[in-house]
Amino acid sequence: MSTVWIVVVVVGALTVGLKAVGPVVLGGRDLPRPVLSVVALLAPALLAALVAVSIFGLGRDLVLDARVVGLVAATAALLVRAPILVVVLAAAVATALTRALA
Amino acid sequence: MRESSGPSLRSSRVRALGRRSRDGSAAVSRATASRCARRRFEPRIVIGSIALTADNATPAPAARTYRDGVRAIAPIAPMAAIFSASFGVLATAAGMGTVAPIVMSATTFAGSAQFAAVAVIGTGGALAAIGAAGLLNARYAPISLTVAPAMSGSFLSRLVQSQLIVDESWAVSQTGDGGVDRRVLVGAGTTLWFCWVGGTVVGVFGAELIGDPERFGLDAAFPALFLALLVPQLRDRFAVAAALLGAAIALALVPVSAAGIPIVAASAACLIGLARR
């Protein structure tokens, strides 16, 4: 088996396992109370981390580039309660324009 | 801009359909439904219907449908398709051929890990590629824990449906109490899966047509979606603190750790929930 297929198969199996572990092991059961109060905060913690890293991260560097303009545009769209499609497009267009003009 | 006008039009039509087609299964209490579903552990399983079985537990108050999931993900689905097309382009350019990238999109189905594997495979070899992708996907272990209560049904049904978990489908299916709405997750995840695999096929075979996705600002579109989904999560001081702490942990670790670790470590921020009694 070539390197490429080893990677494809192993990464695929690993990811299937990671995604399945909760539903397959605990599926349908309610989580214990202390666990529940912890996982309830997983969404805000992970979403904020994803926003921060995908806006400011570039490899191992923290940078300010055109993506920040996109983040500002998205925040502005959210402040005027625009629908998600508008928020997403505002970020993409603002970032693309900044890159085109820079 | 043009790619998105189609799905947004379609989504308003889907919304109208979704209102009409609510079924009565929400009347069954969640506990009863999940108990029944767990007992039905028989070998007689039709593969084609697994992802869309409609008799699993659903949170009773607001019954949401698979179409709600499709509608919720419509704004980001075209971007995911373009993003995965660029994965196809890069993977083929990195010498992965045409079939392997498509198989990877269908099975791994997780953007950042696939890009990382492609970036590393040429220089670092198989072990480095597997390690990078594994770290990037490690967040799916805690994420899948939050999905567990919503997924009952047979072993195979849970296994297959859990594969539709990606950041975006998980984020749009949040119910607000830490859990997810299974149908929204399955509807959104299935839509994304077809966009993701279809985009990869286009990228693999139509390489030159795509160009650099950063030209369209796509790399800012995904964080914008996550931000839009984060805001309604910030209902109390604990949620705000978890968000700030999560972002701070992630940013602090970016310069000193391999890709993926900052996001996994950020999930530790939710431990402040232990202080809430």
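Refer to the preceding data block for the structure.
Okay, so let's go over this structure. None of these values were measured; they are calculated from a predicted model.

Rules of the game
For every chain, the first residue of the written sequence is number 1, and numbering continues from 1 onward in sequence order. Ligands are numbered from 1 and chains lettered from A, in the order in which they are written. At least 70 in pLDDT is required for a residue's local features to be given in this predicted model, at least 80 for side-chain atom pairs to be given and counted, and no such filter applies to totals for whole chains, interfaces and linings, which use all residues. Remark: hydrogens and water are excluded; side-chain values derive from all non-hydrogen atoms of the structure. Planes of paired rings set the category: under 30 degrees apart is stacked, over 60 is edge-to-face and the rest tilted, where pairs are Phe, Tyr or Trp rings (Trp by its six-membered ring) whose centres lie within 6.5 Å. Note on conventions: DSSP H or I runs of at least 4 residues are helices, E runs of at least 2 residues are strands, and numbering of each starts at the N terminus. For every residue, the accessible area obtained with a 1.4 Å probe (protein chains only) is divided by the maximum for its type, and the residue is called buried under 20%, exposed over 50%, and partly exposed between those limits. For this analysis, residues touch if any pair of their heavy atoms sits within 4.5 Å. By buried area we mean how much accessible surface two parts lose on assembly, using a 1.4 Å probe and totalling the loss over both. Salt bridge criterion: a side-chain nitrogen from Lys or Arg within 4 Å of a carboxyl oxygen from Asp or Glu. A 3.5 Å cut-off defines polar contacts: any pair of N or O atoms within that distance qualifies, except that in protein one atom must be a possible hydrogen donor and the other a possible acceptor, and neighbouring residues in sequence count only when both atoms are side-chain atoms. Under the convention used throughout, the expected extent of a helix is 1.5 Å for every residue step, that is, one less than its residue count. To get an axis, fit a line to the C-alpha atoms, keeping to the stretch in contact for a helix; angles then go from 0 to 180 degrees between the N-to-C directions. The cut-offs work like this: below 35 degrees is roughly parallel, past 145 is roughly antiparallel, 65 to 115 is roughly perpendicular, and the gaps in between are oblique. The crossing is said to be left-handed when, going from far helix to near helix, the turn is anticlockwise and less than a right angle, and right-handed when the turn is clockwise. Each residue is assigned to one class: nonpolar for Ala, Val, Leu, Ile, Met, Phe, Trp, Tyr, Cys and Pro, charged for Asp, Glu, Lys and Arg, and polar for all the others, Gly among them.

The next subject is the packing of aromatic side chains. Residue and element names in this part refer to chain B. In total, this model carries five aromatic pairs over all chains according to the counting rule given. Both rings, one in F83 and one in F222, keep their centres 5.1 Å apart while their planes meet at 40°; by these two values the pair is tilted. In this pair, F83 sits in helix 4 (residues 77-93) while F222 sits in helix 12 (residues 218-230), placing the two residues 139 residues apart along the sequence. Residue F83 is classed as partly exposed on the basis of its relative accessible area, which comes to 24%. Looking at F222, the relative accessible area reads 9%, which means it is buried.

Right, let's talk about the interface of chain B and chain A for a bit. Chain B puts 96 residues into the contact, and the matching count from chain A is 68 residues. In total, about 6700 Å² of surface goes out of reach between chain B and chain A, with carbon and sulfur atoms giving 78% of it. Our count for the contact surface shared by chain B and chain A stands at one salt bridge. A salt bridge links R99 of chain A to D219 of chain B, with the shortest nitrogen-to-oxygen separation between them at 2.7 Å. Our count for the chain B to chain A interface comes out at twelve residue pairs in polar contact (both at pLDDT 80 or more).

Attention now goes to helix 3 (residues 42-56) of chain A. Under the 1.5 Å per step criterion, the end-to-end length of helix 3 of chain A is 21 Å for 15 residues, consistent within 8% with the ideal 21 Å. Of all 15 residues making up helix 3 of chain A, 13 are buried, and the element is well covered by its neighbours.

Turning to the packing of helix 4 (residues 66-79) of chain A against helix 5 (residues 84-101) of chain A, a few remarks are in order. Residues and elements named next belong to chain A. For the pair helix 4 and helix 5, interaxial distance at closest approach is 7 Å and the crossing angle is 150°. With respect to their mutual orientation, helix 4 and helix 5 come out roughly antiparallel. You can see that helix 4 and helix 5 cross each other, and the crossing is right-handed. Residues A66, R67, V69, G70, A73, A74, A77 and L78 of helix 4 form the contact with helix 5, whose participating residues are V87, A90, A91, A94, T95, T98 and R99. The class makeup of the residues in the contact of helix 4 with helix 5 is ten nonpolar, three polar and two charged.

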